[in-house]
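Below are the chains, spelled out letter by letter.
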Amino acid sequence: MTNTVDALPAVTATQRAGILAGPRTAEAHRALLAGVPAMNTLQLGGAAQASTLPAEFTVAAWNVERCLFPEATAAHLGKISPDIVLLSEVDHGMARTAQRHTTEVMANAMSMTYAFGVEFYELGLGGESERHFCADDFNALGWHGNAILSSVPFQRTALIRLDDHGHWFAADARACDPDQPRIGGRVAIAGIVATETGSLCVVSTHLESNADVPHRRHQFERLLDAVDRFAPDMPVIIGGDLNTGNHLPPDFDWRRETLFDLAETRGYSWSFTAQGITTRPSLITPHPDRAMKLDWLAARGLTCRDNGVLSSISDEGTPLSDHDCVWCRAC
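Reading guide: rules and limits
Residues numbered from 1 in each chain as written. Predicted model: local features only at pLDDT ≥ 70, side-chain atom pairs only at ≥ 80, totals over all residues. Heavy atoms only, no water. Phe/Tyr/Trp six-rings, centres within 6.5 Å; stacked < 30°, edge-to-face > 60°. Lys NZ or Arg CZ within 6 Å of the ring centre and 35° of its normal. Helix = DSSP H or I, 4+ residues; strand = E, 2+ residues; numbered from the N terminus. Buried < 20%, exposed > 50% of the residue type's maximum accessible area, 1.4 Å probe, protein only. Polar contact = N/O pair within 3.5 Å; in protein donor to acceptor, adjacent residues only side chain to side chain. Contact = heavy atoms within 4.5 Å. Pairing = 2+ DSSP bridges. Axes fitted to C-alpha atoms, helices over the stretch in contact; angles between N-to-C directions. Right-handed = clockwise from strand over helix to strand, strands pointing away.

1. So, the packing of aromatic side chains
Then, number 1: Scanning all chains against the criterion turns up seven aromatic pairs.
Then, number 2: Taken together through their ring pairs, the aromatic side chains of Phe 220, Trp 254, Phe 260, Trp 270 and Trp 296 make up a single cluster.
Then, number 3: Over the ring of Trp 254 we find Arg 255, and its NZ or CZ is 5.8 Å from the ring centre.
Then, number 4: One cation-aromatic arrangement involves Lys 293 over Trp 296; the distance from NZ or CZ to the ring centre is 4.8 Å.

Now the structure itself:
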């Protein structure tokens, strides 16, 4: 279990100055993670609609690409009426999303409770294509992460860090970006909820984009081990952006990933994911040079009744994300 709070404590001015002035090493990064409370805490909020999920329920997983339009994103999910929503790339106190707590806005709009965890503390305003969305030249908090929305209360929750070496921070790391310092790394959030047939573990995750097949397999194995400790002998559904096929030129073939077989050896089925590409052009990513299948749902101890892909294009024609939403109906 992870400590939970109603509001994540902000990084102080002294802490921020220390991050910017300090060494860019894996050792320094691990110390920073340990010293920033919000990196090891979950924020809970919102309000649940019911006490127990029905025996058959709908789960959606969606990388909402910062969540520029949280109200519209919540309304769009109404097309599939999910009981559980597994979110990645949600902002909290970022200038590019008007300093809003996008998870909380969505949860309130959908009458759901939520758990939010920090993937990265962003010291910059984001990439070049994001900066024209910024009305401010600062981030109020700088949090960017994952979340779970649920129509029923959480019995227990956990934040699972999938790496701590500073993949986007340490100077010798593959993805280090000297122009955009950030601390953190890929994460998963796990929550246990009640259903009519017993307890269920739901997991929102996000694997590394700027990495190779062995790196993502290691992250997924670390996740599965953590879930086994958190929810032993319990049905589990895991969903999110697994970044499958990234850095696999020339065709970015997701079938070359080894995490699929790994999950199957641990009792998980990928039948909960519908066929089809899950990326598209968006306002932040207007001209992608590839179409990819990045988003997945896998489960153990459950049966898939139906699945699909919900386009991220709103009824008004606005792309809400560069990812479509994957969903399944399970029991």
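So, next bit.
2. As for the side chain of Thr 102
Then, number 1: Checked against the element boundaries, Thr 102 lands in helix H4 (residues 102–110).
Then, number 2: Residue classification places Thr 102 among the buried positions, given a relative accessible area of 0%.
Then, number 3: A distance of 2.8 Å separates the side chain of Thr 102 from the backbone oxygen of Asp 91, its partner in a polar contact.
Then, number 4: For Thr 102, the contacting residues outside a window of four places in its chain are Arg 66, Cys 67, Pro 70, Val 90, Asp 91 and Thr 97.

3. What about the sheet that holds strand E9 (residues 187–195)?
Then, number 1: One open sheet accounts for five strands, arranged E7-E9-E10-E11-E12; its pairing is mixed. The two strands at the open ends of the sheet, each matched to only one other strand, are strand E7 (156–161) and strand E12 (295–300). Across this sheet, the average inter-strand angle for adjacent strands is 15°, counted without regard to direction.
Then, number 2: Where strand E11 (residues 236–241) meets E12, six bridges bridge the pair, whose relative direction is antiparallel.

4. Comments concerning the pairing of E11
Across a regular strand the side chains alternate sides, sitting on one face of the sheet and then on the other.
Then, number 1: Most of E11 is tucked away: six of the six residues are buried.
Then, number 2: As paired strands, strand E10 (residues 198–206) and E11 are joined by six bridges and run parallel to one another. By the bridge assignment for E11, Thr 205 is matched with Gly 240.
Then, number 3: With respect to chirality, the unit in which E10 leads through helix H5 (residues 213–230) into the neighbouring parallel E11 is right-handed.

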